[in-house]
Each structure stands twice: as C-alpha cells, then as structure tokens.
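Structure at a glance
One letter stands for each residue in the lines below.
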Amino acid sequence: MPVPRKHLVIVTNTVGWGGTEVLVWRASQRATARGHRVTIVQAGHNVYGARGMLGSGVESVNVPGAFGSSSARTWYRLLRGLAPDTIVLFKGGIDVRALTFDLACVALRTRYVTVEAHLPPLLVPLPHRRTLRGWIGVRVRFARTRAAAWLHSRAPTHIVAPSVVIRDRLVTQYGFRPDIVVIPIGIDAKVFSPSESLRLAQREAWDIDAHDVVMGAVGRIDAVKRLDWAVRALASHVNSGNQPPVWLVLGGEGKERESLTALARRLDVAERVKFLGWVPSSSDVIASLDIFVLPSETEGFGIALIESMSTGCVCVATDSGGPREILTDTSLGWLVPRDDEQAFAAAVEKAIAMSPLERARMGNNARASVLDRFDQERLDDQLLDEILG
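For the structure given in this document, a descriptive report is provided here.

Conventions and cut-offs
- Residues numbered from 1 in each chain as written.
- Predicted model: local features only at pLDDT ≥ 70, side-chain atom pairs only at ≥ 80, totals over all residues.
- Heavy atoms only, no water.
- Helix = DSSP H or I, 4+ residues; strand = E, 2+ residues; numbered from the N terminus.
- Rg over C-alpha atoms; globule rule 2.2 N^0.38 Å.
- Buried < 20%, exposed > 50% of the residue type's maximum accessible area, 1.4 Å probe, protein only.
- Contact = heavy atoms within 4.5 Å.
- Expected span 1.5 Å × (residues − 1).
- Arc of directions from axis to C-beta.
- Axes fitted to C-alpha atoms, helices over the stretch in contact; angles between N-to-C directions.
- Parallel < 35°, antiparallel > 145°, perpendicular 65-115°, else oblique.
- Left-handed = near helix turned anticlockwise from the far one by under 90°.
- Nonpolar A, V, L, I, M, F, W, Y, C, P; charged D, E, K, R; others polar.
- Core = buried A, V, L, I, M, F, W, Y, C linked by side-chain atoms within 4.5 Å.
- Polar contact = N/O pair within 3.5 Å; in protein donor to acceptor, adjacent residues only side chain to side chain.

**As for the overall build of the protein chain**
A tally of helices and strands in the protein chain yields 14 helices and 13 strands. The globule rule puts the C-alpha radius of gyration for 389 residues at 21 Å, and the 22 Å found for the protein chain is close to it. Its C-alpha atoms put the protein chain at 65 × 65 × 35 Å along the principal axes. Counting all 389 residues of the protein chain, 50% fall into the buried class. Sequence-distant contacts, at least 24 apart, represent 71% of the contacts inside the protein chain between residues at least 6 apart.

Quick look at the structure:
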C-alpha cells in the first residue's frame, strides 16, 4: 500500500552554512524522493536560495527579520496557510527567540518536531546586582529564559537530538522529558574517502610541497570554533624550528577571519596560513589534510570531525560535547580537555611528529569507526522516519 503524501514544513534559523544546513537539505531531498511535498521556511536569511539549492520539488518561503522577531500571530497565520502535516524546526532554541514560534505551533495542534542540534549552555547562578533595579532586571531576564525553555520543552510532539550530551543537558538542565530520540548525523563515506591523487593535486594548487604536513579545518570561522588555538599551535611549531614544515589551511567564512589573519601576522606565521573562503566541496579540502583540528568551545555533534575521520585524517579535538561520542578511543585521534590550550597544542605537536605510516594507521582506524557507526543512508532514513511519524 502506498504511503500517503505529506506536506513537510521545515523552518530554518541560521546565520551561515554549516553541518545543520547540510542536514536540512538532505532531509528535504530524501522526503521529496519519497513523494512528499517539502517547504523550507527561511527565517531572516536566504542561505539555501543564495547557494541555488532550492527547486527540485522543494518550495521555499522567506520570512523577513530575525527568527524571534515575528509574533505568535504572524507565525500562526503563516503556518496555517501552508497547511503542513508536520512542522520541523532544525536547531531548536532554548531562549526567548523560540517562544512565539512554539506558541504558534501549540495553537495549530499539528505534529511539531524539533531537532535540537545545538548544545545549550549550562544554567548558572544568577549574578549579584548591587541596585534594586539591576537585581530585578537580571531576575526578569532569567525568568523569561526559563519560561521559554519550559514551553520549548513541552511544545513539540517529538524531539530529536544528534548526541547523548545534548539530550542529557536538555533533560537535566532544562527539564525536558527524557524520551528525546538520539539519532547521530551520518556522512557519505564514498564522498569523504582517502584520495592520494586528490591530495597531490590540491597540494599543487595550494603551492605546498607534497611532503609537508598540512593541518586545517573546514566550517564557519566563528569565535566559538577557537581557531586562534590552531594558529598559535602552528606558531609554536614553526618558531621552535621543529621539522617537518607545517601549514594551516582554513576553509569557510566567518567574522573571525580578520582577527585570525592579524594574529598570524603578529606571530610571524602569516605566510603559512591559507584562508580558502567558502569552498563548494569540503570533501576535496578535507581529503588533502594530514591533521584535522577542532578546538571548539562547544560542539553539539561534530559533522566535520566524522567527515575528516572518514577521509583518514588524524584528528585533534577538544572535549566540547559531541566529539566525546565520536573519538571514543585513543586509536581514533586525540580528545583533549575543553579549556586546556596547552594540551591541544601538545596533541597537535604529537600528530605532526607522527610518521606517515603512523598517521595512516590512525586514519584507517578512524575511517573504519565512521563506516561502522555513521552511515548516512541509514541515519538519514531514521531521522526522516522520526520526523514524519
């Protein structure tokens, strides 16, 4: 018996292109391939349209202004006009910005699924304020945040998280119900695979010797990624006079590019740092790296980490959330304490000092782990099944 055609409305709230945006696109393509109708609502952005990724059976609606700037009535009217069978909000929201959207979805009484892809912050004690006005203001803001989190924990009919660390944080810190479904994000290991010919071609394009060591990262160049750690680790190696020669390659866009460029100049390593800007094929860049670095302050999952493992990179990451569920053994890469920059730099230096054979052995272990645990076809189907019900 054929499955009834459903209308899936995916609401997106983003500041740039990253792993979650790729996941949204994959879910929409998979849904249309099953014969369902898909509408992507772009709230305050045109990320998908700017990259020419709309069409092919995927409709779109642009909502002006930031995600949280629309009233509950505006959201209700928009969503009711779209007549969805399922509404899904990727990235979720543990703050006031999601409040009006949650209220609208509750009023619609339709299936509402959130994919909580961001690791929410730990709740901290209220800061002390010396004045009565300051004391009241802090508590009002805190109360609003807690009220919005309470509603956001109960408004969805179903909740999905890509990692156990996100699920546990939501349950223990924000009072979410414990039936959150954990579905990791998969990757296409055929696309993200080792390629010596690609590696050599890319090194030639970058004007880097084939025998030099290249470390790098691909993604948004934002403060939370702490790529300044990578620049300082590079400078530590270069200024110590150690061999072999090392380069840092960063693919992606973001607000921190200028400050990282200035830091590289101050540390006298600017000629060894290459900023690629937005790259149409992250797999080509990742496959050309020897060492992938992820010194993030917080990571809900870590898609770029498993992509890099799949290509056979040696990986060095901070224990910032999701990576602890990926780098589960020392044979797969280095996982260092989240706020220990010295430990991160030491791990990078150890990775640089590895012989090509040692790096290949660790890379093979990492790829085997990805093939076993993060198959894209299986996990994407699992996610879509949970969304559609």
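**Brief notes about helix α8 (residues 228–240)**
Across its 13 residues, α8 extends 18 Å between first and last C-alpha, which sits within 8% of the 18 Å expected from 1.5 Å per residue. Looking only at α8, the buried set comprises Trp229, Ala230, Val231, Ala233, Leu234, Ala235 and His237. Of the residues flanking the end of α8, it is glycine 241, one or two places downstream, whose phi is positive at about 80°.

**Here we look at helix α3 (residues 72–82)**
Those residues of α3 not exposed but buried are Trp75, Leu79 and Leu82. One face of α3 carries all of its buried residues, which in axial projection span an arc of 55°. In α3, the exposed residues that point more than 90 degrees away from the buried face are Arg73, Arg77, Arg80 and Gly81. In this fold, the buried residues of α3 make contact with β1 (7–12), β2 (37–43), β3 (58–63), β4 (86–90) and α4 (99–108). A positive backbone phi angle near 50° is found at alanine 83, which sits one or two residues after α3.

**What to know about the packing of α8 against helix α12 (residues 341–353)**
Packing of α8 against α12 leaves a shortest axis separation of 10 Å and a crossing angle of 55°. When the axes of α8 and α12 are compared, the pair comes out oblique. As α8 runs across α12, the sense of the crossing is right-handed. In this structure, α8 uses Trp229, Ala230, Arg232, Ala233 and His237 to contact α12, whose residues at the interface are Glu341, Phe344, Ala345, Val348, Glu349 and Ile352. In terms of residue class, the contact of α8 with α12 is made up of 7 nonpolar, 1 polar and 3 charged.

**Looking at the nonpolar core**
Generally speaking, soluble globular proteins have nonpolar side chains that are buried together. Core analysis: the largest hydrophobic core is formed by 87 residues, its most contacted members being Leu8, Phe90, Phe292, Leu305 and Met309. Among residues more than four places away in sequence, those in contact with leucine 8 are Ala31, Arg37, Val38, Thr39, Thr86, Val88, Leu384, Ile387 and Leu388. Within the second largest apolar cluster, 19 residues are counted, among which are Val9, Val11, Ala98 and Leu151.

**As for the environment of arginine 232**
Relative to the elements of secondary structure, arginine 232 occurs in helix α8. Here the alpha-carbon distance between arginine 232 and leucine 383, two residues 151 residues apart in the chain, equals 39 Å. Sequence-distant contacts of arginine 232, defined by excluding residues within four places in its chain, comprise Leu263, Leu267 and Glu341. A polar side-chain atom of arginine 232 sits 2.6 Å from a polar atom in the side chain of aspartate 228.

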